[in-house]
Amino acid sequence: MDYYKALGVEKNASETDIKRAYRKLAQQHHPDTGKGDEKKFKEVTEAYEVLGDKQKRAQYDQFGSAGPNFGGGQGGGHHLQKDIFYF
């Protein structure tokens, strides 16, 4: 999933733009509203959890969703950096 597309923002979006986009979409898709879409709400929330955090956003920008902490790569979502040292 492309987190920027999920929130409808550009890669150079400010923190304020990301937060504003998330709030709008979360309110629109919240499952507790009569017409909410739970799947879309979860996607938007996941995108915000990454893009709303400076460190996670930098890592996502460098590695994409297949990065070591996003579960998209090999290992079934394990943290590859940590798993290397535990045999």
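Given the structure is predicted, the values throughout are model-derived calculations rather than measurements.

**With respect to the packing of helix α2 (residues 15-29) against helix α3 (residues 38-51)**
Interhelical geometry of α2 versus α3 gives an angle of 160° and a closest axis separation of 9 Å. In terms of orientation, α2 and α3 fall into the roughly antiparallel class. The way α2 lies across α3 gives a crossing that is left-handed. Across the interface between the two elements, Ile18, Lys19, Tyr22, Leu25, Ala26 and His29 of α2 pack against Glu38, Lys40, Phe41, Val44, Thr45, Tyr48 and Leu51 of α3. Grouping the constituent residues of the contact of α2 with α3 by class yields eight nonpolar, two polar and three charged.

**Here's the deal with the nonpolar core**
A general tendency of soluble globular proteins is for nonpolar side chains to be buried together. Core analysis: the largest hydrophobic core is formed by 17 residues, its most contacted members being Tyr3, Leu7, Val9, Ile18, Leu51 and Tyr60. Listing elements by their share of this core, those giving two or more residues are α1 (3-7), α2 and α3. Excluding anything up to four places from it in sequence, Ile18 contacts Leu7, Val9, Ala13, Tyr48, Leu51, Gly52 and Arg57.

**Considerations on the confidence of the model for the protein chain**
Taken over all residues, the pLDDT of the protein chain has a mean of 82, while the share at 70 or more is 76%. Put simply, helix α5 (residues 80-83) is where the protein chain has its lowest mean pLDDT, 43, and α1 is where it has its highest, 96. Throughout residues 73-87 the model reports pLDDT below 50, and contacts reaching past four residues in sequence, or to other chains, amount to nine contacts.

**Considerations on the pattern of salt bridges**
Scanning the entire structure with this criterion turns up three salt bridges. The salt bridge partner of Lys54 is Glu15, with a shortest N-O separation of 3.7 Å. With a gap of 39 residues between them, Lys54 in helix α4 (residues 54-63) and Glu15 in helix α2 connect regions that are remote in the sequence. In this structure Lys54 comes out as exposed when scored by relative accessible area, which is 62%. Residue classification places Glu15 among the partly exposed residues on the basis of a relative accessible area of 47%. In this structure, Lys42 engages Glu38 in a salt bridge whose closest nitrogen and oxygen atoms are separated by 3.4 Å. Note that Lys42 and Glu38 are positioned in helix α3 at a spacing of four residues, about one turn of the helix.

The rules behind each value
- Residues numbered from 1 in each chain as written.
- Predicted model: local features only at pLDDT ≥ 70, side-chain atom pairs only at ≥ 80, totals over all residues.
- Heavy atoms only, no water.
- Axes fitted to C-alpha atoms, helices over the stretch in contact; angles between N-to-C directions.
- Helix = DSSP H or I, 4+ residues; strand = E, 2+ residues; numbered from the N terminus.
- Parallel < 35°, antiparallel > 145°, perpendicular 65-115°, else oblique.
- Left-handed = near helix turned anticlockwise from the far one by under 90°.
- Contact = heavy atoms within 4.5 Å.
- Nonpolar A, V, L, I, M, F, W, Y, C, P; charged D, E, K, R; others polar.
- Core = buried A, V, L, I, M, F, W, Y, C linked by side-chain atoms within 4.5 Å.
- Buried < 20%, exposed > 50% of the residue type's maximum accessible area, 1.4 Å probe, protein only.
- pLDDT = per-residue confidence, 0-100.
- Salt bridge = Lys/Arg side-chain N within 4 Å of Asp/Glu carboxyl O.

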